Amino acid sequence: QHAYIQAEGIYTEWTDSSLIDGNEVRGVLANRSLSTVSGTADARRLAGIYQLWGLNGTITNNVVDDIVASVASAAGTARRAYGIRVQNLTPAEGSPYATTNDLIVNNAVSGILGLVGISGGDICLEVFPGEGDFIYHNSFSLTGAGQTAGRGATNIQLSGNGLVSGNLDVRNNASTNT
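All figures in this text were calculated on a predicted structure; none of them were measured in a lab. (Residues numbered from 1 in each chain as written. Predicted model: local features only at pLDDT ≥ 70, side-chain atom pairs only at ≥ 80, totals over all residues. Heavy atoms only, no water.)

**Q** Honestly, a nonpolar patch on the surface in this entry has me stumped. Any pointers?
**A** Nonpolar side chains collect at one region of the surface, where Leu-158, Leu-168 and Val-170 lie side by side and expose about 190 Å² of accessible area between them. Mapped onto the fold, Leu-168 is located in the loop between strand 14 (153-158) and strand 15 (169-171). (Patch = residues over 30% accessible without salt bridge, like charges linked within 9 Å, V, L, I, M, F, W, Y side chains within 5 Å. Areas by Shrake-Rupley, 256 points an atom, 1.4 Å probe, with all protein chains shown as cover. Salt bridge = Lys/Arg side-chain N within 4 Å of Asp/Glu carboxyl O. Helix = DSSP H or I, 4+ residues; strand = E, 2+ residues; numbered from the N terminus.)

**Q** It is not clear to me how the confidence of the model for the protein chain should be interpreted in this structure. Could you clarify?
**A** Low pLDDT marks regions whose predicted coordinates should not be analysed in detail. Here the protein chain shows a mean pLDDT of 77. Residues at 70 or above account for 70%. Note on residues 35-42: pLDDT is under 50 here. Beyond four places in sequence and across chains, it has 15 contacts. (pLDDT = per-residue confidence, 0-100. Contact = heavy atoms within 4.5 Å.)

**Q** Explain the pattern of salt bridges here, please?
**A** Once their charged atoms are close, side chains differing in charge can pair, the charge on each being opposite to the other. Taken as a whole and assessed by the stated rule, the structure comprises four salt bridges. The salt bridge involving Arg-26 is made with Asp-65; its shortest N-O contact spans 3.4 Å. Here Arg-26, found in strand 4 (residues 24-30), pairs with Asp-65, found in strand 7 (residues 63-69); they are 39 residues apart in sequence, far enough to count as distant. Judged by its relative accessible area of 41%, Arg-26 is partly exposed. Where Glu-126 meets Arg-85, a salt bridge forms, and the shortest distance between an N and an O atom there is 2.5 Å. Remark: Arg-85 occurs in strand 8 (residues 81-88) and Glu-126 occurs in strand 11 (residues 122-128); sequence separation between them is 41 residues. For Glu-126, a relative accessible area of 5% puts it in the buried group. (Buried < 20%, exposed > 50% of the residue type's maximum accessible area, 1.4 Å probe, protein only.)

Quick look at the structure:
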C-alpha cells in the first residue's frame, strides 16, 4: 500500500517573502472531501505546493510528483489536482502592494492526476492572479492526466485579476503531455 500525504505537500497562507526551495514533494492524495480554507469561501485544493494569499514568494528547485485526486464527492474545481498552485494577495484582496512579485524557477512537476471528471482538469502550475511574477526554467509533464472523458489538462495556467495588466514574465519553461 502506498502511503500518501493528505491535501497538500507544502502549504503557506498569508505570507510575505516566503521561500520554498529544494524540496521533494511526492505522493499527495485526496481521498476525502477537503475542508474550507480559512479566510476564503473556496474549497481547499489538492496540491504538491500551495501558496495561498501570499506575495513576494520564491518557489525554486523543487520536485513535485504523484499528486492524485480521487474524491468524487468534492465540489466542482476541488476535484482538480495541482502540482504548484499560487493564489496571490492583490489590492482586490487587501494587499497594500500593486504587484505580487513571485519568483518561480527551476521546478520539476509531473504525475498530476485527478481521477474524477471535471472540465478544466489538472494543472501543473497555476498562478492567479499574477502581477509582476517571474516564471523561468521549469519543466512540466502531465503524464497520465486527462484520462476521464470531458477532462482537460493544462501545464501552465496564468491569470491577472482584471484590475491591472498582469505583467507576467514567462521564459524558458519545458512542457510535455504523454
